[in-house]
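Below, each chain spelled out in residue letters.
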Amino acid sequence: MKHISPTQVAVDSNVRAPTRRALAKQQTRAKVLAAARRLFSEQGYEGATIRDIAAAAGMSTGAVFANFTDKSDLFREIMTADCETILESMREAAGRGKGVEDVLLKVFMAGYSFYKTRLPLARAAFGVSWSPDGGPTLRGLTPVQGMHDLFVEQLNLAVERGELRQEAEVKLRSQMLFEAYLSNYVQAIFEGWGLDALQARARDQIRILLAGARRG
């Protein structure tokens, strides 16, 4: 007979497969999120209603409210997931860069590449982020703060490598770089700029914003 230690019993008892009810709840949330993502992209944040989202997911509004507090809760979860994915891509891109300007350009492009086929959703996100109600919450999402921190981190590394001066005003330049990154979505969303045009503009912005901080 195989001996099972008390420790293994404790571990096995704590790691249990999800119940049927828990799995059903997960599936419901996934359906609602998928439907909401599609309708936010097609109709914008204001245009998509909970009733529409429920119908698109094939369920009642009660089922939606059983999983999400309101429409803003739904949108926030979608944006959090997207921003987490973008931040991960940005960090990976930063690791492939050579020199601070190349690093920052790759970070910018990681975000633009993610949204190149999702511009309607990006437009909805900007609409909410500029509103007095949902804006502060959306701008304060943890992965959005992570993007801010990534810019600060890369400039600090450039200072350590001797590319930028010690008095480079890292915090202010990082904020300006992040704002430049966001500003280019306007050209993509409203003027139809492709990745090549965005890259050229981002390269110039980064060069100008770092010009006064370079050594030598």
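Residues numbered from 1 in each chain as written. Predicted model: local features only at pLDDT ≥ 70, side-chain atom pairs only at ≥ 80, totals over all residues. Heavy atoms only, no water.

Q: Please explain the pattern of salt bridges as it appears in this structure.
A: Proximity of charged atoms lets side chains of opposite charge pair with each other. Summed over the entire model, instances satisfying the criterion amount to ten salt bridges. A salt bridge links Glu77 to Arg29; the nearest nitrogen and oxygen atoms lie 2.7 Å apart. Placement of Glu77 in helix H5 (residues 71-94) and of Arg29 in helix H2 (residues 20-47) is noted, with a sequence separation of 48 residues between them. According to the relative accessible area criterion, Glu77 is partly exposed, its value standing at 28%. On the accessibility criterion, Arg29 (23% relative accessible area) is partly exposed. Salt-bridge contacts for Asp82 lead to Arg37; the nearest nitrogen and oxygen are separated by 2.9 Å. (Salt bridge = Lys/Arg side-chain N within 4 Å of Asp/Glu carboxyl O. Helix = DSSP H or I, 4+ residues; strand = E, 2+ residues; numbered from the N terminus. Buried < 20%, exposed > 50% of the residue type's maximum accessible area, 1.4 Å probe, protein only.)

Q: Sorry, what's going on with the packing of H5 against helix H7 (residues 119-129) here?
A: Two packed helices can be described by the angle between their axes and the distance between those axes. Where H5 contacts H7, the two axes come as close as 12 Å, and the packing angle between them is 115°. Crossing angle aside, the handedness with which H5 passes H7 is left-handed. Between H5 and H7, the residues in contact are Phe75, Ile78, Met79 and Asp82 and Leu121, Ala124, Ala125 and Val128, respectively. (Axes fitted to C-alpha atoms, helices over the stretch in contact; angles between N-to-C directions. Left-handed = near helix turned anticlockwise from the far one by under 90°. Contact = heavy atoms within 4.5 Å.)

Q: Explain unusual backbone geometry to me, please; I cannot follow it from the model alone.
A: Note: most residues except glycine have negative phi, and most peptide bonds are trans. Unlike most non-glycine residues, Glu169 shows phi in positive territory, near 50°. Residue classification places Glu169 among the exposed residues on the basis of a relative accessible area of 51%.

Q: How should the nonpolar core be read in this particular structure?
A: Inside soluble globular proteins, nonpolar side chains tend to come together where they are buried. Core analysis: the biggest nonpolar cluster contains 67 residues, and Phe40, Leu74, Phe75, Met79, Phe108, Leu177 and Tyr181 have the highest contact counts within it. Taken together, the elements giving at least two residues each to this core come down to H2, helix H3 (50-57), H5, helix H6 (100-115), H7, helix H9 (142-161), helix H10 (170-191) and helix H11 (195-211). In this structure Met79 touches Tyr115, Leu121, Ala125, Leu138 and Leu141, once residues within four positions along its chain are discounted. (Core = buried A, V, L, I, M, F, W, Y, C linked by side-chain atoms within 4.5 Å.)

Q: Quick question: what am I supposed to make of the side chain of Gln154 here?
A: Note that Gln154 resides in helix H9. Judged by its relative accessible area of 8%, Gln154 is buried. When neighbours within four sequence positions are excluded, Gln154 is seen to be in contact with Ala94, Val100, Val103 and Leu104.

Q: It is not clear to me how the packing of aromatic side chains should be interpreted in this structure. Could you clarify?
A: The geometry of an aromatic ring pair is captured by two quantities: the separation of the ring centres and the angle between the planes. In this structure the tally under the stated criterion is 15 aromatic pairs. Measuring from ring centre to ring centre gives 4.9 Å for Phe40 and Phe75, while their planes differ by 90°; the resulting arrangement is edge-to-face. One end of the pair, Phe40, is in helix H2; the other, Phe75, is in helix H5, with 35 residues separating them in the sequence. There is no split in this pair, since Phe40 and Phe75 are both buried. The interplanar angle of 85° and the centroid separation of 5.4 Å between the aromatic rings of Tyr181 and Tyr185 together place this pair among those described as edge-to-face. Taken together, the residues Tyr181 and Tyr185, both in helix H10 and four residues apart, mark about one turn of the helix. An aromatic cluster is built from Phe108, Tyr112, Phe114, Tyr115, Phe126, Trp130, Phe151, Phe178, Tyr181 and Tyr185, whose rings are joined through pairwise contacts. If you follow Lys71 out to its NZ or CZ, it ends over the ring of Tyr45, 4.5 Å from the centre. The aromatic ring of Phe114 is capped on one face by Arg118, whose charged end is 4.1 Å from the ring centroid. (Phe/Tyr/Trp six-rings, centres within 6.5 Å; stacked < 30°, edge-to-face > 60°. Lys NZ or Arg CZ within 6 Å of the ring centre and 35° of its normal.)

Q: Looking at this model, I keep getting lost on H6. Mind explaining?
A: Structurally, the α-helix is built with 3.6 residues per turn, so residues lying three or four positions apart point the same way. The first and last C-alpha atoms of H6 sit 24 Å apart over 16 residues, in line with the 22 Å expected at 1.5 Å per residue. Most of H6 sits out of view: twelve of its 16 residues are buried. (Expected span 1.5 Å × (residues − 1).)

Q: Whenever I open this one, H10 confuses me. Can you help?
A: Here H10 spans 31 Å end to end across 22 residues, near enough to the 32 Å set by a 1.5 Å rise per residue. When we look at burial in H10, the residues that qualify are Val170, Arg173, Ser174, Leu177, Phe178, Ala180, Tyr181, Asn184, Tyr185, Gln187, Ala188 and Ile189. Lining the buried residues of H10 we find H5, H6, H7, H9 and H11. Looking one or two residues past H10, Gly192 carries a phi angle of roughly 75°, positive in sign.

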